[in-house]
Amino acid sequence: MKSLVSILSLGLLLTRSHVSAAPQGSPSSSTSELAAPVSTDGINESFNETAFAAFDVQDASLDAPQLILQKMKRKYQRYIVRTLKKRPRSHSCTLRNLAVRKEWGSMSRRQRIAYTDAVKCLYSKKPPLSSLSNVPGARNRLDDFVASHIQQGQNIHFDGYLFAWHRHFVHIYEKALREECGYKGPTPYWDWTLFPDDPRKSPVFDGSATSMSGNGESIPHGGTYVTAFGLNVTLPPGTGGGCVKDGPFANLQVNLGVNPTIVPLTPVDLTANLSSVGVYASADRSDVLGDNPSNSSAGSNARPFRVPPNNDLPPAIREALNYNPRCLTRDINLFWANQVRTKDVEFLLSCGNVDCLEKRSDGWELDRTLPQPLLHAAGHFSVGGLQNDPFASPGDPVFYLHHAAFDRVYSIWQGQDGDTRTYQVGGTRTPFNIPPSDKVTLDDPIDFGVLAQGVKMRDVMSTIDGPYCYMYD
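Please read these numbers as outputs of a predicted model, since none were measured by experiment.

With respect to the pattern of salt bridges
Reasoning step 1: Under the definition given, this model contains 19 salt bridges.
Reasoning step 2: Across the pair Arg141 and Asp144 runs a salt bridge whose closest N-O atoms are separated by 2.8 Å. Here Arg141 and its partner Asp144 are both found in helix 5 (residues 141–152), three residues apart, which amounts to about one turn of the helix.
Reasoning step 3: Classification of Arg141 by relative accessible area gives buried; the value is 4%.
Reasoning step 4: Note on Asp144: relative accessible area 1%, which makes it buried.
Reasoning step 5: For Arg330, the salt bridge identified is with Asp396, shortest N-O distance 2.8 Å. One end of the pair, Arg330, is in the loop between strand 9 (326–327) and helix 9 (334–337); the other, Asp396, is in the loop between helix 12 (375–383) and helix 13 (398–415), and 66 residues separate them in sequence.

Focus: the sheet that holds strand 8 (residues 261–262)
Reasoning step 1: Read across the sheet, three strands follow the order 5-4-8 without closing on themselves; strand pairing throughout is antiparallel. With one partner strand each, in any of the chains shown, strand 5 (231–235) and strand 8 form the two edges of the open sheet.
Reasoning step 2: Sheet topology note: the strand 4 (residues 224–228)/strand 5 ladder contains five bridges and is antiparallel. Directly across from Val226, in strand 5, lies its bridge partner Val233.

Digging into the packing of aromatic side chains
Note on aromatic pairs: each is described by the distance of the centres and the angle between the planes.
Reasoning step 1: Taken as a whole and judged by the stated rule, the model has 25 aromatic pairs.
Reasoning step 2: On the numbers, 5.8 Å between centres and 70 degrees between planes, the contact of Trp104 with Tyr115 is edge-to-face. In this pair, Trp104 is assigned in the loop between strand 1 (99–103) and helix 4 (109–124) and Tyr115 in helix 4, connecting sequence segments eleven residues apart.
Reasoning step 3: Assessed through its relative accessible area of 0%, Trp104 is described here as buried.

A look at the confidence of the model for the chain
Reasoning step 1: Scored by pLDDT, the chain has a mean of 82; 75% of the residues are at 70 or more.
Reasoning step 2: Predicted confidence is poor over residues 268–300, with pLDDT under 50, and the contacts of this stretch with residues over four places away or in other chains come to 74 contacts.

Focus: the pairing of strand 1
Reasoning step 1: Counting buried positions over the five residues of strand 1 gives four, a clear majority of the element.
Reasoning step 2: The pairing of strand 1 with strand 12 (residues 470–472) spans three bridges and is classified as parallel. Paired with Arg101 across the two strands is Tyr472, which belongs to strand 12.
Reasoning step 3: Pairing between strand 1 and strand 2 (residues 188–189): two bridges, direction parallel. What sits directly across from Glu103, in strand 2, is Tyr189.

Calculation criteria
Residues numbered from 1 in each chain as written. Predicted model: local features only at pLDDT ≥ 70, side-chain atom pairs only at ≥ 80, totals over all residues. Heavy atoms only, no water. Salt bridge = Lys/Arg side-chain N within 4 Å of Asp/Glu carboxyl O. Helix = DSSP H or I, 4+ residues; strand = E, 2+ residues; numbered from the N terminus. Buried < 20%, exposed > 50% of the residue type's maximum accessible area, 1.4 Å probe, protein only. Pairing = 2+ DSSP bridges. Phe/Tyr/Trp six-rings, centres within 6.5 Å; stacked < 30°, edge-to-face > 60°. pLDDT = per-residue confidence, 0-100. Contact = heavy atoms within 4.5 Å.

What follows is the structure in structure tokens.
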């Protein structure tokens, strides 16, 4: 069997070729300078026509080359506002009911506390919908979300479902917070580019009462060995590694997922595997899932997916659904945090089609010989701990802020040419297209288990149609 691909080497290559376009926390990388609907009570967002009009103004100051991301962001916002201006009031989504998702640091203290209180309600007051026969370890509503991601994990990564499935997943989570736990504020996202040098200094991870809790307790530990999707990766140790002991989620108990494999505490060679550029650029993909195609759960004529019965799941996935109570861990990793700078986001957004966007976001654009950003993976790995688990990661509430940010990038990309890109799909139905499978279509169903009724791909393409009516600030 050929050697397996290491995501780590790609990330290491990235540090040599990408630099930030603006210093940490500078106004040019912030979203707070943009006008947004005003808050009437500190929590609720209300319609304000004057505020929305600001999104529809061509700003000449954004012509400077160092503000590429800001220009793309404003173009996306103008597309949304101008589209909604043309709609009759009878439409299900207009400017009058458009929700604006906000960066965590731009939310008020009251809004942030209301959000974390709703999250705590979900895991401390609401029972699971999952049956014990299907998910033996489920103990609360948050576990339902973790279980869905575990069950679907092999279908929704490194393929054409990545952006669409996670977009709807975050929407379902938001809906649960509002309908079951009374949350009324904006849906938050985490802008990775604001504190790439040290996320611990950001409002997201500063450990205060208005944060999403801080780092894990600092303990001596080695790297984390991750094996998933046929990839074997050893992630370097971060700055924590232990239980999260401050902030709103200090007492959060994680119930699902398997215990991580921590390698012995030895120095990590950060120069390893750098003999070639673009480690995914291989014509023969047997190095990803091994020489035996049966390593993939899908057949060569893979059909659109559904939640399979437990006895059809691989043993490792079934094990992850068992009851495994432990504390929430984090291991904020400064190496990975440096892979999500403004320039990296801009490089991802330069993709001309969604197939490129999906592959480049995880660093496996096969026809490229240059290092690629790993925004999706790096966002998870920069938090570390439970976020290093590609299946059980939704057990950490910051997962949803990361994936809202990931959806924001997708939305900005769509908004550069909304008429062409909104309903564009790409990629195939199997991770890395191994074994080879049909291309994803707009009529493919996507499934969420007990969380919600299944939908078709076409239902989740536009953030201002179907079940959605939102934009990003």
